[in-house]
Amino acid sequence: MSNVHLIDHPLVQHKLTLMRRKDASTNTFRTLLNELSSLMAYEVTRDMLLQDVEVETPLETMTGKVIDGKKLVFVSILRAGNGILEGMLSVVPGARVGHVGLYRDPQTLQPVEYYFKMPQEMEARDIVIVDPMLATGNSAIAAVDRLKKLKPKSIKFVCLLTCPEGIAALQKAHPDVAIYTAAIDRQLNEHGYILPGLGDAGDRIFGTK
Ligand code: URA
């Protein structure tokens with residue numbers, strides 16, 4: 001589990017618990033996800049490179065540090081990944097955004113790609129893939145497989161929740177991809193849902209059930 005970062009900040013844990021409650025409304029769920037995503041963004045961007053810039057304060061000139069947010073690309077795995085985007089962008093507003101459309105075949109649980117749109121010059125960029133649930137790992141692996149063909153500088157994967165099966169699958173396929181998560185739950189069920197989990201993240205974000 002060397003490449004797994006469990007974000008156990010009390011605020012993250014508190015909000016995640018509120019999101020798990022089955023009677024949390026769509027509005028509450030979405031608001032909490034937004035807040036939680038911004039908190040997670042701090043951890044995920046902790047090692048971002050800084051560059052020196054000259055800045056004039058009201059008193060004198062000094063050398064300050066800035067990040068180049070444009071080098072960072074958040075890649076949302078549709079559709080649930082979009083629930084994480086807003087919170088992440090509130091912390092890194094200069095970041096670019098890509099989208100990967102994958103759906104899970106309900107029989108095989110294998111991902112099928114239906115959309116792929118990225119910013120240009122991906123070789124110069126650091127990618128942060130966002131998807132609330134790392135469950136079977138199939139979508140995550142398919143997204144990383146596809147993104148690696150663009151030869152980005154680095155790839156990280158951020159989710160709210162995962163389970164031992166999802167971590168093992170992604171780490172086996174892509175040991176170089178660091179996983180950031182707010183919780184590692186007990187297990188997957190036979191339908192590919194995380195237990196105890198929080199249900200279907202897409203349905204809960206968009207109120208589709
Ligand atoms: N996707 C979800 O939305 N929830 C799960 O528990 C697993 C995959």
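Coordinates for the structure precede this section.
Residues numbered from 1 in each chain as written. Predicted model: local features only at pLDDT ≥ 70, side-chain atom pairs only at ≥ 80, totals over all residues. Heavy atoms only, no water.

**Student:** What's the story with the side chain of Lys156 in this structure? I'm lost.
**Tutor:** Position of Lys156 relative to the elements: it lies in strand E9 (residues 154–158). For Lys156, a relative accessible area of 12% puts it in the buried group. There is a polar contact of 2.7 Å between the side chain of Lys156 and the side chain of Asp47. Discounting chain neighbours no more than four positions away, the residues touching Lys156 are Val44, Asp47, Ile127, Val128, Ile129, Val177, Ala178 and Tyr180. (Helix = DSSP H or I, 4+ residues; strand = E, 2+ residues; numbered from the N terminus. Buried < 20%, exposed > 50% of the residue type's maximum accessible area, 1.4 Å probe, protein only. Polar contact = N/O pair within 3.5 Å; in protein donor to acceptor, adjacent residues only side chain to side chain. Contact = heavy atoms within 4.5 Å.)

**Student:** How do you make sense of the pattern of salt bridges when you look at a structure like this?
**Tutor:** Here the idea is simple: oppositely charged side chains can pair when their charged atoms come close. In total, this model carries 10 salt bridges according to the counting rule given. Between Lys65 and Asp52 there is a salt bridge, with the nearest N and O atoms lying 2.7 Å from each other. Here Lys65 is found in strand E3 (residues 61–67), whereas its partner Asp52 is found in strand E2 (residues 50–56), with 13 residues between them in sequence. Assessed through its relative accessible area of 56%, Lys65 is described here as exposed. Overall, the relative accessible area of 51% leaves Asp52 in the exposed class. One salt bridge connects Lys148 with Asp176, and the closest N-O pair in it is separated by 2.9 Å. Linking Lys148 in helix H4 (residues 138–148) with Asp176 in the loop between helix H5 (164–173) and strand E11 (178–181), this pair joins segments that are 28 residues apart in sequence. (Salt bridge = Lys/Arg side-chain N within 4 Å of Asp/Glu carboxyl O.)

**Student:** Honestly, the state of the cysteines in this entry has me stumped. Any pointers?
**Tutor:** Here, the word disulfide means a covalent bond between the sulfur atoms of two cysteines. Throughout the structure, instances matching the rule amount to 0 disulfides. For Cys159, which is in no disulfide, the shortest distance to another cysteine sulfur is to Cys163 and amounts to 9.1 Å. Overall, the relative accessible area of 0% leaves Cys159 in the buried class. Assessed through its relative accessible area of 0%, Cys163 is described here as buried. (Disulfide = S-S within 2.5 Å.)

**Student:** Explain the sheet that holds strand E7 (residues 126–130) here, please?
**Tutor:** Within a sheet, neighbouring strands are paired by backbone hydrogen bonds and run either parallel or antiparallel to one another. Taking strand neighbours across the sheet as the criterion, the 7 strands line up as E1-E11-E9-E7-E4-E5-E6 in an open arrangement whose pairing is mixed. With one partner strand each, in any of the chains shown, strand E1 (4–6) and strand E6 (111–117) form the two edges of the open sheet. Ignoring strand direction, the axes of neighbouring strands in this sheet form an average angle of 20°. Contacts from helix H2 (residues 26–44) reach E7, E9 and E11 within the one sheet, and its direction differs from that of E11 by about 145°. In the packing of H4 onto the sheet, the strands contacted are strand E4 (72–78), strand E5 (96–104), E6, E7 and E9, and the crossing angle to E6 comes to about 40°. (Pairing = 2+ DSSP bridges. Axes fitted to C-alpha atoms, helices over the stretch in contact; angles between N-to-C directions.)

**Student:** What exactly am I supposed to notice about the side chain of Ser76 here?
**Tutor:** Of note, Ser76 is situated in strand E4. At a separation of 2.6 Å, a polar atom in the side chain of Ser76 contacts the side chain of Asn82. Setting aside its immediate chain neighbours within four residues, Ser76 contacts Gly81, Asn82, Leu85, Gly98, His99, Val100 and Val130.

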